[in-house]
Amino acid sequence: MTSVRKPDIEEQWYAALRNEFEAPYFADIKSFLIEEKKQHIVFPPSPLIFNAFNLTPFDDVKVVILGQDPYHNVGQAHGLAFSVPDNIQKPPSLINIFKELNQDLGLPIPAHGNLEKWAKEGVLLLNASLTVRAHMAASHAKIGWQRFTDAAIKALSDNRENLVFILWGNYAIAKENLIDHNKHLILKTVHPSPLSASRGFFGCKHFSKTNEYLIKNNIKPIDWSL
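Remember, predicted model here, so these are calculated numbers, not experimental data. Numbering of residues starts from 1 in every chain and runs along the sequence as written. Selection of residues for local features in this predicted model requires a pLDDT of at least 70, selection of side-chain atom pairs for listing and counting requires 80 or more, and totals for whole chains, interfaces and linings are taken over all residues. Excluded from the side-chain calculations are hydrogens and water; all other atoms, namely the structure's heavy atoms, are used.

Time to look at the pattern of salt bridges. Note on definitions: salt bridges are taken to be side-chain nitrogens of Lys or Arg within 4 Å of carboxyl oxygens of Asp or Glu. Within this structure, the stated rule accounts for 7 salt bridges. Close ionic contact of Asp158 with Lys154 constitutes a salt bridge, the shortest N to O distance being 2.9 Å. One end of the pair, Asp158, and the other, Lys154, are both in helix 6 (residues 145-159), 4 residues apart, so they sit about a helical turn from each other. The classification of residues rests on relative accessible area computed with a 1.4 Å probe and restricted to protein chains. Under 20% of the type maximum is buried, over 50% is exposed, and intermediate values are partly exposed. Classification of Lys154 as partly exposed rests on a relative accessible area of 39%. Under the DSSP-based scheme used, a helix requires at least four consecutive residues in state H or I and a strand at least two consecutive residues in state E, with every element numbered from the N terminus.

Structure below.
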């Protein structure tokens, strides 16, 4: 029997999700991506597919912010929901996130859109799909990634306590049934997209509410400054 090569993912996450990596559907994801890359460009680059997990080890997670899909234009996706690398123009939703951050906590709006510092603070920036075909939104939404990321959400809910799950938009809110309300705080509102931000995202105060909950549970709050 051939052994399954261990994926390039942080050790705690590998332990938590080992059954997923060894399941037939995960082999199907890998096979799909191998074929896809023969004909198309796929984002993010392969070494960054598990970037959210690698920057925020399982035991270090304090907050989960759920996104839907990696950015699909050149240079944008680097494995963190809503984030773009340095020197890449900030997408509209991220601009609105920074506006709310400024209104909520009085923090200056960053010149860049790189959220790696949040990831290292304990904010898991998790997209439901971990890859996408260039210039085709949601093109990998049905290849199996959601089963994998749902398992990650459920593993956190089941095995950790006093986490904050931030759900922006109907797509993220639909994941609420994976989370134990009795053990964790769930914050939800509309998506920060320009199409919906004015209908409840602005003024939601999710950043301050997150820190109030963490402090109440004797957990060091997130330094949201960038």
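To continue, consider unusual backbone geometry. Residue Phe43 is joined to Pro44 through a cis peptide bond whose omega torsion reads -10°. With phi around 70°, Phe82 is a residue other than glycine that occupies positive phi space. Assignment of secondary structure puts Phe82 in the loop between strand 2 (63-67) and helix 4 (92-105). What makes Phe82 buried here is its relative accessible area of 9%. One non-glycine residue, Asn87, lies in positive phi territory at about 70°.

A few words now on helix 2 (residues 24-39). Along its 16 residues, helix 2 runs 24 Å from first to last C-alpha, staying within 8% of the 22 Å computed at 1.5 Å per residue. All buried positions along helix 2 are accounted for by Tyr25, Phe26, Ile29, Leu33 and Glu36. Axial view of helix 2: buried residues confined to an arc of 100°, hence all on one face. Exposed side of helix 2, more than 90 degrees from the buried face: Pro24, Asp28, Ile34 and Lys38 are the residues found there. The span expected for a helix works out to 1.5 Å for each residue beyond the first. The directions considered for the arc run from the helix axis to the C-beta atoms.

This next bit is on helix 1 (residues 11-21). Listed in full, the buried residues belonging to helix 1 are Trp13, Tyr14, Leu17, Glu20 and Phe21. Down the axis of helix 1, the smallest arc covering the buried residues is 105°, so these residues share one side. Seen from the buried face of helix 1, the exposed residues on the opposite side, beyond 90 degrees, are Ala15 and Asn19. Residues of helix 1 that are buried make contact with helix 2, helix 3 (51-55), strand 3 (123-127) and helix 6. Polar contacts, as used here, are pairs of N or O atoms within 3.5 Å; protein pairs need one atom able to donate a hydrogen and one able to accept it. Residues neighboring in sequence count only if both atoms are side-chain atoms. One side-chain oxygen of the residue at the start of helix 1 lies 3.1 Å from the amide nitrogen of Gln12, identifying that residue as Glu10. What makes two residues a contact is simply this: any of their non-hydrogen atoms within 4.5 Å.

Attention now goes to the packing of aromatic side chains. To pair, rings of Phe, Tyr and Trp, with the six-membered ring standing in for Trp, must have centres within 6.5 Å; the planes then decide the type, stacked if under 30 degrees apart, edge-to-face if over 60, and tilted in the middle. Applying the stated rule across the entire model yields 22 aromatic pairs. When the ring of Phe50 is compared with that of Phe53, the centres are 6.1 Å apart and the planes differ by 65°; the resulting orientation is edge-to-face. We note that Phe50, like Phe53, is buried. In this structure an aromatic cluster arises from ring pairing among Trp13, Tyr14, Phe21, Tyr25, Phe26, Phe50, Phe53, Phe58, Trp145 and Phe148.

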